[in-house]
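# Report on the structure
In case you want the letters, here they are:
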Amino acid sequence: MRIDILTILPQLLEGPFSDSIMKRAQDKGLVEIHLHNIRDYSTNKHKNVDDYQYGGGAGMVMSCEPIAALIDKLQGERKYDEIIYMTPDGELLEQDMSNTLCLQENILILCGHYKGVDERIRQMYITKEVSIGSYVLSGGELAAAVLTDSIVRLIPGVLNDETSALTDSFQDNLLSPPVYTRPPEFKGMKVPDVLLSGDFKKIEAWREKEAYQRTKDRRPDLLQ
Ligand code: 6GU
């Protein structure tokens, strides 16, 4: 899989992809993540990528030309299955969306800033608009990092048995059960006996019960 991310702040995205599972996925050749600086495609002498909005009002709008030039170049090199725009008014990111996107070959992600991108870019190029929640971030970069992480960890071969995505929260519309590690007693608090019993059937039943209880208590909406 290949993911191209278009941004005016590529340095914001270097960190999230250069450690742990995201790094290992790239080192194993399971995903290529390419960061592109939109400013490199600005043709005016000040390298501007934004301008005042028509009609007046506070806040700049990201201009069409540099974004279009960059997308045109990339589309000339390969066909994209989705061209995604990160925006607070997009479709809410849920596990199902990541499950679908992880099956794609080529994804392009455009990060917005300021008041967002010129509407004509959205109409001409964007196939999917994604928000990561009902709050406003300063730009689309952190949201793009969240979306990319949630996709990449689902690519077959990225996770091993121990980190398997099959037991993640949300994968079966249930939150994960509580987990414990050594020591068996910490400041007077004991690990539930069943987890020390060695009885795998009983352990599975306990985990299912706890997952259900936790979901009922914290996210009853998932049980609808
Ligand atoms: Cl995708 N972008 C920005 N700027 N803010 C957000 C968001 C995206 N999703 C939630 N808040």
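Residues numbered from 1 in each chain as written. Predicted model: local features only at pLDDT ≥ 70, side-chain atom pairs only at ≥ 80, totals over all residues. Heavy atoms only, no water.

## What to know about the pattern of salt bridges
Within this structure, the stated rule accounts for 13 salt bridges. Across the pair Lys-128 and Glu-91 runs a salt bridge whose closest N-O atoms are separated by 3.5 Å. Of the two residues, Lys-128 is situated in strand E7 (residues 128–131) and Glu-91 in strand E5 (residues 82–92); the sequence distance between them amounts to 37 residues. (Salt bridge = Lys/Arg side-chain N within 4 Å of Asp/Glu carboxyl O. Helix = DSSP H or I, 4+ residues; strand = E, 2+ residues; numbered from the N terminus.)

## Some words on the pairing of strand E1 (residues 2–7)
Of all 6 residues in E1, 6 are buried, a share of seventy percent or more. Burial along E1 is two-sided: the face carrying Arg-2, Asp-4 and Leu-6 and the face carrying Ile-3, Ile-5 and Thr-7 are both buried. Pairing of E1 with strand E2 (residues 32–37) involves 6 bridges; the strand directions are parallel. Paired with Leu-6 across the bridge in E2 is His-36. Looking at chain direction, E1 and strand E6 (residues 106–111) are connected through 5 bridges and run parallel. Bridging across to E6, Ile-5 finds its partner in Ile-109. (Buried < 20%, exposed > 50% of the residue type's maximum accessible area, 1.4 Å probe, protein only. Pairing = 2+ DSSP bridges.)

## Focus on the domain arrangement of the protein
Annotation of the protein at the domain level lists domain 1 (2–152) and domain 2 (167–223). The C-alpha centroid of domain 2 is placed 37 Å from the C-alpha centroid of domain 1. (Domains from an automatic or database assignment.)

## Re helix H2 (residues 20–27)
Along H2, the residues that are buried comprise Ile-21, Met-22 and Ala-25. The arc enclosing the buried residues of H2, seen along the axis, measures out at 100°, which places them on a common side. In H2, the exposed residues that point more than 90 degrees away from the buried face are Ser-20 and Asp-27. Those residues of H2 that are buried lie in contact with helix H6 (141–152). Just downstream of H2 lies Gly-29, where phi reads positive at about 75°. (Arc of directions from axis to C-beta. Contact = heavy atoms within 4.5 Å.)

## Considering the site of the ligand
Taken together, Met-86, Thr-87, Pro-88, Val-130, Ser-131, Ile-132, Gly-133, Tyr-135, Leu-137, Gly-139 and Ala-143 are the residues near the ligand. Between a nitrogen atom of the ligand and a side-chain N or O atom of Ser-131, the distance comes to 3.4 Å. Within the backbone of Leu-137, one N or O atom sits 3.0 Å away from a nitrogen atom of the ligand. Here the ligand, which alone exposes 290 Å², has 96% of that area covered by the protein. For the shell around the ligand, the elements supplying multiple residues, two or more each, are E5 and E7. If you tally residues by element for the shell around the ligand, the top one is E5, at 3 residues. Residues of the shell around the ligand, tallied by class, amount to 7 nonpolar, 4 polar and no charged. (Near = heavy atom within 4 Å. Polar contact = N/O pair within 3.5 Å; in protein donor to acceptor, adjacent residues only side chain to side chain. Areas by Shrake-Rupley, 256 points an atom, 1.4 Å probe, with all protein chains shown as cover. Nonpolar A, V, L, I, M, F, W, Y, C, P; charged D, E, K, R; others polar.)

## Notes on the nonpolar core
If you look at the biggest cluster of nonpolar residues, it comprises 32 residues, and the most contacted ones within it are Ile-5, Val-31, Ile-84, Met-86, Ile-109, Leu-147 and Val-152. It is H6 that provides the largest number of residues to this core, a total of 6 residues. Ile-84 has contacts with Leu-101, Ile-107, Leu-108, Ile-109, Leu-110, Ile-126, Lys-128, Val-130 and Leu-147, leaving out every residue within four places of it along the chain. (Core = buried A, V, L, I, M, F, W, Y, C linked by side-chain atoms within 4.5 Å.)

## Here's the deal with H6
The first and last C-alpha atoms of H6 sit 16 Å apart over 12 residues, in line with the 16 Å expected at 1.5 Å per residue. Most of H6 is tucked away: 9 of the 12 residues are buried. (Expected span 1.5 Å × (residues − 1).)

## Some points on the sheet that holds E6
One open sheet holds the 5 strands; their spatial order is E2-E1-E6-E5-E7, and the pairing between them is parallel. A single partner strand is all that each edge strand has here, and the edge strands are E2 and E7. Sheet twist, expressed as the mean angle between neighbouring strand axes with direction ignored, is 30°. Contacting E1, E2, E5 and E6, helix H3 (residues 64–77) crosses the sheet at an angle of about 165° to E1. Docked against the sheet, H6 engages E1, E2, E5 and E6, running at close to 160° with respect to E6. (Axes fitted to C-alpha atoms, helices over the stretch in contact; angles between N-to-C directions.)

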